[in-house]
Amino acid sequence: MEKVILTKPDDWHLHLRDGEAMKSVVRMSAFQMGRAVIMPNLSPPITNTKQAIKYHNEIVRALPKESRFRPLMVLYLTDKTTKNEIIEASEAQEVHAVKLYPAGATTNSDSGVTNLSSTYPALEQMQKEGVPLLIHGEVTDNDIDVFDREKVFIDRTLTKLVQEFPSLKIVLEHITTKDAVDFVSECEKNIAATITPHHLLANRNHMLVGGIKPHYYCLPVLKRKSPHQEALIAAATSGSPKFFLGTDSAPHEKHQKESSCGCAGVFSAHAAVELYAEAFDGAGKIEKLEGFASFFGADFYGLPRNQEKITLEKTTWRIPESYNFSGSHVVPFFAGEELSWRLSA
Ligand code: NCD
Ligand code: ZN
């Protein structure tokens, strides 16, 4: 059987939720990943170090004692985040980044930033301390088409931010367009991006042809195959250290997605590494998977690479139609479909 041995990957963008919901999904990520950057968009959001440490401990307590999985916590940036909050965060070993959600951009982003200049003292301090800013890069203006919101964010907001904070570490999260690939590629090495498995494996046709498929709906929304999906595949498999793994796995209960106003988020933690393997193999670039999945993110965050190894075997298996989730169900990405790579236990 064909096998690929990799250094254990890390997930640089993961939604675990909290309480029972978190308990039902956290072991999937802990099996696949060495570490994960845990998104702070709980309700209410994680806006200070004390809350981040409490959430960290809740995640660790939900894992088996022998688990070596480490959650890397993130603060949710608001108009009110102070310079002192950043100093406190940078001193806590649990906290590794700060997340910028433009207010209203996505799930639980109501407390997000409404006026970027009000965050400048915090950003100044982050630049000084080397704390990465993780960005949900979409504008929220009603008159901007949903498929253009990432590009407009880059043109109107990100370009200026990069000029004003030239040495701030920035990760443009879950990029979806050729515009984002080009922007990040042209920046200095302190600007990087994560790419999800669903944006590599799917485009807007998967979501909209033959009926609306709510389990493909996420934000930023899936774009066209050409040039966008193709540019993401090329970037992920290029070997450039600017692009690394971030699943954006975002579980929601089945009935909340299959609704007249279905929420945004694709759940991929059940088979994250296998899904990426499918995408890389499909591009004839499986040998580029380890850098993307296991090296470049750690290098960017200034953390050691994992020591442990994982094995992927080329064997066909079918993804379940659903998983238990907080007393209900979550429908995973590629539900009921076959994959050709499997992570061995
Ligand atoms: C995420 C969620 O559900 O928390 N949803 C999504 O579509 N990606 C939020 C986010 O990362 O935008
Ligand atoms: Zn996310």
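This text goes with the structure placed above it.
Cut-offs applied
- Residues numbered from 1 in each chain as written.
- Chains lettered and ligands numbered in written order.
- Predicted model: local features only at pLDDT ≥ 70, side-chain atom pairs only at ≥ 80, totals over all residues.
- Heavy atoms only, no water.
- Helix = DSSP H or I, 4+ residues; strand = E, 2+ residues; numbered from the N terminus.
- Polar contact = N/O pair within 3.5 Å; in protein donor to acceptor, adjacent residues only side chain to side chain.
- Contact = heavy atoms within 4.5 Å.
- Near = heavy atom within 4 Å.
- Areas by Shrake-Rupley, 256 points an atom, 1.4 Å probe, with all protein chains shown as cover.
- Core = buried A, V, L, I, M, F, W, Y, C linked by side-chain atoms within 4.5 Å.
- Buried < 20%, exposed > 50% of the residue type's maximum accessible area, 1.4 Å probe, protein only.
- Donors = N, O, S within 2.8 Å, 3.2 Å for Na, K, Ca; no water.
- Tetrahedral: all angles 85-135°; square planar, octahedral: opposite > 155°, others 65-115°.
- Pairing = 2+ DSSP bridges.
- Axes fitted to C-alpha atoms, helices over the stretch in contact; angles between N-to-C directions.

(A) Region of interest: the side chain of Ser249. Within the fold, Ser249 resides in the loop between β9 (243-245) and α10 (254-257). Reaching out from Ser249, the side chain makes a polar contact with the backbone nitrogen of Ala269 at a distance of 3.1 Å. Not counting residues within four places of it along the chain, the set of residues in contact with Ser249 comprises His13, Leu14, His15, Val266, Phe267, Ser268 and Ala269.

(B) Local environment of the site of ligand 1. Around ligand 1, 15 residues are found, and the nearest of them are Asn41, Thr106, Leu219, Asp248 and His252. One nitrogen or oxygen atom from the main chain of Leu219 is found 2.8 Å from an oxygen atom belonging to ligand 1. A distance of 2.7 Å separates a nitrogen atom of ligand 1 from a polar atom in the side chain of Asp248. Coverage of ligand 1 by the protein chains reaches 100% of its 310 Å² of free accessible surface.

(C) View of the nonpolar core. In terms of nonpolar packing, the biggest core is built from 100 residues, with Leu133 and Leu158 touching the most fellow members. With 7 residues, the single largest contributor to this core is helix α11 (residues 272-282). Beyond its immediate chain neighbours, meaning those up to four positions away, Leu133 contacts Leu77, Val98, Leu100, Leu123, Met126, Leu161, Leu168, Lys169, Ile170 and Val171.

(D) Examining the coordination of the zinc ion (ligand 2) more closely. Taken together, the protein ligands of the zinc ion (ligand 2) are His13 (NE2), His15 (NE2) and Asp248 (OD), with distances of 2.0 Å. Metal-centred angles of 91 to 146° between the 4 donor atoms at the zinc ion (ligand 2) mark the site as irregular.

(E) Summary view of the sheet that holds strand β3 (residues 35-38). The strand order across the open sheet built from 8 strands is β2-β3-β4-β5-β6-β7-β8-β9, with neighbouring strands paired in parallel fashion. Two strands close off the open sheet at either side, each with one partner strand: β2 (11-14) and β9. When the angles between neighbouring strand axes are averaged without regard to direction, this sheet yields 30°. Judged from the 3 bridges that link them, strand β7 (residues 170-172) and strand β8 (residues 191-195) form a sheet pairing that is parallel. Following the sheet pairing, Leu172 is matched in β8 by Ala193.

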